[in-house]
Amino acid sequence: MRIVLAMLLGLQLFSTAHAEQSLTFVSWGGSTQAAQTRAWSEPFTQQTGIRVEQAGPTDYAAFKAMVESGKVTWDVVDVEADFALRAGREGLLEPLDFKQIAKRTIDPRFVTIYGAGSFYFSFILGYNTKVLTSAPQDWAALFDTRAYPGKRALYKWPSPGVLEIALLADGVAADKLYPLDLDRAFRKLDSIKGDIAWWGSGDESQQLLSSGTAGLGMFWNGRVNALRDQGAPVGINWQQNLVTGDFLVIPRGAPNADAARAFIAHATSPKAQADFSSLTGYAPVNLSASALVDPKLAESQPSAHKAGQITLDFKYWSLNGERIAERWYAWQAAKN
């Protein structure tokens, strides 16, 4: 009887400890973070008693400053793939626990000792069907201002995507993209510089497209899917869709690192990945999750559009991104 009482008391103390515990999850806001809350955070809290506080948006400068100052308030952060690789190499991240996370079940493109995939997505050619009189057929349409006048939306941060699109539109073969010919890419971008509407977040991209401020552009496929589901007049062209992904990482010195590792293990599990994928149209990184997604929903995900698909080179960007960023910002600031 004493043993049973001791076990019950131990379980009660364990549950109480977790009920009082919390972690802070940082992501990009908007429909994506809302889906992460619904698919990951709420079930995780129900299962563990660990409360998940939402924060954001992800900010790399703030991330690095926290770690370097030793005053970290974030526990799990959703970051882009190239940042995850670079931050791991620079010692900004806590290692993951692969006793909790089933590494072999995750797409090998999206897992390292310092980060596990959040989801993967494609940059696609999106367009407003009311603004355009004809549907654009490939990335070259972004640079054809005669056939498609008006603003075109591009991602404003120096990361995989825009430069590759410029080179593809200029005739570079997909298997010859890397190392990037920066001179050629920026020359191509010069031809439309005055017609670019820059977006820095998913919400901004959706506003540009749905309002018709930009008739076409490069977008995260899930954001255009969300607009279409809401009845917005938008279309998608999957030709040469560019695959990249987000990673879940733990800043070095995170105050709740153990809870963060448990959260990542949960978020990368088959059901959690499938639930998020079903809500967003982004593809799951867990290799077992696709079977749990409604086939009709799966048709609008990158995994269903592999013909001509190009996986962006995250490693190249993690090694060269800071050098490219200097030129990128100088080019953006220069007058036409």
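Residues numbered from 1 in each chain as written. Predicted model: local features only at pLDDT ≥ 70, side-chain atom pairs only at ≥ 80, totals over all residues. Heavy atoms only, no water.

Enquirer: I'm lost on the domain arrangement of the chain in this one. Help?
Expert: Interface size is commonly expressed as the accessible surface area that is lost when the partners come together. Each assigned domain of the chain is listed with its residue range as follows: domain 1 (21–118 + 243–302) and domain 2 (122–242 + 309–331). Each of domain 1 and domain 2 has a C-alpha centre, and these two points are 25 Å apart. If you look at the interface, domain 1 gives 22 residues, while domain 2 gives 26 residues. Taken as a group, Asp 82, Val 243 and Tyr 282 account for 30% of the area that domain 1 buries against domain 2, more than any other trio of residues on that side. Applying the counting criterion to the domain 1 and domain 2 interface returns 1 salt bridge. Between Arg 86 and Glu 322 there is a salt bridge; the shortest N-O distance is 3.9 Å. The interface formed by domain 1 and domain 2 contains 10 residue pairs in polar contact (both at pLDDT 80 or more). Put simply, the parts of the chain that give the side of domain 1 that touches domain 2 at least two residues each are α2 (30–48), α4 (81–89) and β9 (234–249). Take the side of domain 1 that touches domain 2: its biggest share by element is 5 residues, from α4. Here the side of domain 1 that touches domain 2 is composed, by residue class, of 6 nonpolar, 10 polar and 6 charged. (Domains from an automatic or database assignment. Contact = heavy atoms within 4.5 Å. Buried area = accessible area lost by both parts, 1.4 Å probe. Salt bridge = Lys/Arg side-chain N within 4 Å of Asp/Glu carboxyl O. Polar contact = N/O pair within 3.5 Å; in protein donor to acceptor, adjacent residues only side chain to side chain. Helix = DSSP H or I, 4+ residues; strand = E, 2+ residues; numbered from the N terminus. Nonpolar A, V, L, I, M, F, W, Y, C, P; charged D, E, K, R; others polar.)

Enquirer: Just to check I follow, could you spell out the packing of helix α5 (residues 162–169) against helix α12 (residues 314–333) for this structure?
Expert: A pair of packed helices is captured by two measures, namely the crossing angle of their axes and the spacing between those axes. Contact geometry of α5 with α12 gives a least axis separation of 12 Å together with a crossing angle of 85°. Here α5 is positioned roughly perpendicular relative to α12, judged by the angle of their axes. Together, Val 162, Leu 163 and Glu 164 of α5 and Trp 317, Ile 324 and Trp 328 of α12 make up the contact between the two elements. The residue makeup of the contact of α5 with α12, split by class, is 5 nonpolar, no polar and 1 charged. (Axes fitted to C-alpha atoms, helices over the stretch in contact; angles between N-to-C directions. Parallel < 35°, antiparallel > 145°, perpendicular 65-115°, else oblique.)

Enquirer: Which parts of the structure should I look at to understand the packing of aromatic side chains?
Expert: Under the definition given, this model contains 28 aromatic pairs. An angle of 10° between the planes, with centres 5.2 Å apart, marks the rings of Phe 110 and Tyr 120 as stacked. Separated by 10 residues along the polypeptide, Phe 110 in the loop between α4 and β4 (111–112) and Tyr 120 in strand β5 (residues 115–128) bring together distant segments of the chain. A single burial state applies to Phe 110 and to Tyr 120, both of which are buried. An aromatic cluster is defined as three or more aromatic residues linked by ring pairs; in this entry it consists of Trp 40, Phe 119, Phe 121, Phe 123, Tyr 155, Trp 199, Phe 219, Trp 220, Phe 276 and Tyr 282. Residue placement shows Arg 109 over the ring face of Tyr 120; its charged tip is 5.0 Å from the ring centre. The ring of Trp 331 is capped by Lys 193, whose NZ or CZ atom sits 4.5 Å from the centre of that ring. (Phe/Tyr/Trp six-rings, centres within 6.5 Å; stacked < 30°, edge-to-face > 60°. Buried < 20%, exposed > 50% of the residue type's maximum accessible area, 1.4 Å probe, protein only. Lys NZ or Arg CZ within 6 Å of the ring centre and 35° of its normal.)

Enquirer: Please explain the pattern of salt bridges as it appears in this structure.
Expert: Close approach of charged atoms allows side chains with opposite charge to pair. Evaluated as defined, the whole model comprises 10 salt bridges. For Arg 261, the salt bridge is made with Glu 94, and the minimal N-O distance between the two is 3.5 Å. Taken together, the residues span a long stretch of sequence, with Arg 261 in helix α9 (residues 257–267) and Glu 94 in the loop between α4 and β4 at a distance of 167 residues. Across the salt bridge formed by Asp 258 and Arg 261, the nearest N and O atoms sit 3.3 Å from each other. Placement of the pair is Asp 258 and Arg 261 together in helix α9, with a separation of 3 residues, close to one helical turn. For Asp 258, a relative accessible area of 61% puts it in the exposed group.

Enquirer: Quick question: what am I supposed to make of the packing of helix α6 (residues 182–190) against α12 here?
Expert: Relative orientation of the contacting elements α6 and α12 amounts to 25°, with a least axis distance of 12 Å. By the angle class used here, α6 and α12 are roughly parallel. Crossing angle aside, the handedness with which α6 passes α12 is right-handed. Between α6 and α12, the residues in contact are Leu 182, Asp 183, Phe 186, Leu 189 and Asp 190 and Arg 323, Ile 324, Arg 327, Trp 328 and Trp 331, respectively. Of the residues in the contact of α6 with α12, the class split is 6 nonpolar, no polar and 4 charged. (Left-handed = near helix turned anticlockwise from the far one by under 90°.)

Enquirer: Looking at this structure, how should I read the environment of Pro 136?
Expert: Locating Pro 136 in the fold gives a position in the loop between β5 and β6 (151–155). By relative accessible area, Pro 136 is classed as buried at 1%. Taking C-alpha positions, Pro 136 is 9.5 Å from Gly 235, a pair spaced 99 residues apart along the chain. Ignoring any residue separated from it by four or fewer positions in sequence, one finds Pro 136 in contact with Leu 125, Tyr 127, Ala 141, Tyr 148, Leu 216 and Asn 237.

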